[in-house]
Amino acid sequence: MTLTACQKDEVSPSAGATSQTITVSIPQGVQTRAAAADFGDGSQIDRCLLQIYRNGQPYGEQQTATVTGNTATFNLRLVAQQKYDFVFWADCSTGDHYNTDDLTNITVKGNYAGNNDEFDAFTGALLDYQVKGAFSENITLRRPFGQLNVKTLDMAAIPDPTLKPTKVKVAFTAVPTSFNAKKGEIGAATAAVEYTADVLSADGDLTVDYIWAPVEEATLADFSMTFLNGTTEISTNGDFKNIPIRRNYRTNVSGNLLT
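Heads up: these notes are all about the structure in this document. (Residues numbered from 1 in each chain as written. Predicted model: local features only at pLDDT ≥ 70, side-chain atom pairs only at ≥ 80, totals over all residues. Heavy atoms only, no water.)

### Let's talk about the overall build of the chain
Alright, step 1. If you tally the helices and strands in the chain, you get zero helices and 19 strands.
Alright, step 2. Looking at the chain as a whole, 46% of its 259 residues are labelled buried.
Alright, step 3. Expressed as a percentage of contacts within the chain between residues at least 6 apart in sequence, the contacts between residues at least 24 apart total 73%. (Helix = DSSP H or I, 4+ residues; strand = E, 2+ residues; numbered from the N terminus. Buried < 20%, exposed > 50% of the residue type's maximum accessible area, 1.4 Å probe, protein only. Contact = heavy atoms within 4.5 Å.)

Right under this line is the structure:
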């Protein structure tokens, strides 16, 4: 017996067509290779999250796929003749630094810290997608951050080892505190951020930060650096004003910051 009906009721995702896949690619690097270690090579990224939306609302549970070889694949079962939004977020699962239950309002868990490549992440969205049956799509994710690198050029000019910094305290006046992966927009709220970290290298590489930034215009960051030898304060440089941070680009700040 065959029963047919015409109705508006939503159909379960399990009733959809097979052979529906989306493959996510995560590019390596941020324009150029980092001078300090391997920050920004994408090697920390091991999971990708997918939230599907229909009519502006979450559709089904958030899905997780393992990132292998800088790619992840989602196998779906969606109803044909419907439109969906696919929103992605990829990060380091072992770091667990982000609140990702709601991909329209991603925030940092606890306190942000620089010089930690586990804060690297990628995002992307495939919006208003018409499902006609089986499909196979590919999407390349991009960083929602600008990467800020600070290096001092006068480390070798200081003969007294007790005056060479081994740690640095960074204090940002205000940085964005949330990101909407569906819209690809940073939130309006900002907050002061401060952390202390070991300097990256004896060659003068000091810090690497990932700061949420808009696509076109740059976020302007103000911050200060206090240089420490162990726990002993050496000096403070507060001249970092209006430093432009642009999404998916690296900003390099360098100079004779100590002398």
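There's more to say after this.
### Regarding the side chain of Gln147
Alright, step 1. Among the structural elements, Gln147 can be located in strand β11 (residues 145-152).
Alright, step 2. By relative accessible area, Gln147 is classed as buried at 1%.
Alright, step 3. A distance of 2.7 Å separates a polar atom in the side chain of Gln147 from a polar atom in the side chain of Arg250. (Polar contact = N/O pair within 3.5 Å; in protein donor to acceptor, adjacent residues only side chain to side chain.)

### Some words on the layout of surface pockets
Alright, step 1. Considering only enclosed or pocket space, the largest pocket measures out at about 300 Å³ in volume.
Alright, step 2. Around the largest pocket sit 18 residues that line it, and Val108, Tyr112, Val175, Pro176 and Val193 are the ones nearest its centre.
Alright, step 3. For the lining of the largest pocket, the elements supplying multiple residues, two or more each, are β12 (167-176), β15 (190-198) and β16 (205-212).
Alright, step 4. Among the elements that take part in the lining of the largest pocket, β15 stands out by supplying four residues, more than any other.
Alright, step 5. Grouping the constituent residues of the lining of the largest pocket by class yields 14 nonpolar, three polar and one charged.
Alright, step 6. Considered as a void within the structure, the second largest pocket measures approximately 210 Å³ in volume. (1 Å grid on protein atoms, 1.4 Å probe; cavity = no way out; pocket = protein on both sides within 12 Å on 5 of 7 lines; lining within 4 Å. Points joined across faces, edges and corners; volume = space filled by probe spheres on them. Nonpolar A, V, L, I, M, F, W, Y, C, P; charged D, E, K, R; others polar.)

### As for the nonpolar core
Alright, step 1. Counting residues in each nonpolar core, the largest one holds 42 residues, and the members touching the most others are Trp89, Leu148, Val150, Phe172, Phe223 and Met225.
Alright, step 2. Secondary-structure elements contributing two or more residues to this core are β2 (47-54), β6 (82-91), β11, β12, β15, β16, β17 (219-229) and β18 (232-245).
Alright, step 3. Here this core takes five residues from β16, the largest share from any one element.
Alright, step 4. With near-sequence residues (within four places) excluded, Phe172 lies in contact with Leu148, Ala192, Val193, Tyr195, Asp209, Ile211, Ala221, Asp222 and Phe223.
Alright, step 5. Counting residues in hydrophobic clusters, the runner-up holds 25 residues, among them Leu76, Phe88, Tyr129 and Ile139. (Core = buried A, V, L, I, M, F, W, Y, C linked by side-chain atoms within 4.5 Å.)

### Quick word on the packing of aromatic side chains
Alright, step 1. The final tally for this structure, using the stated rule, is 18 aromatic pairs.
Alright, step 2. Site record: aromatic cluster; members linked through ring pairs are Trp89, Tyr98, Tyr112, Phe119, Phe145, Phe179, Tyr195, Tyr210 and Trp212. (Phe/Tyr/Trp six-rings, centres within 6.5 Å; stacked < 30°, edge-to-face > 60°.)

### With respect to the sheet that holds strand β7 (residues 98-99)
Alright, step 1. One open sheet holds the four strands; their spatial order is β7-β8-β13-β14, and the pairing between them is antiparallel. Each having just a single partner strand, β7 and β14 (185-186) make up the two edges of the open sheet.
Alright, step 2. Strand direction decides the pairing type here: strand β8 (residues 106-108) and strand β13 (residues 178-180), joined by two bridges, are antiparallel. In the sheet register, Thr107 faces β13, and the bridge partner there is Ser178. (Pairing = 2+ DSSP bridges.)

Take it as geometry only, folks, not as evidence of what the structure does.
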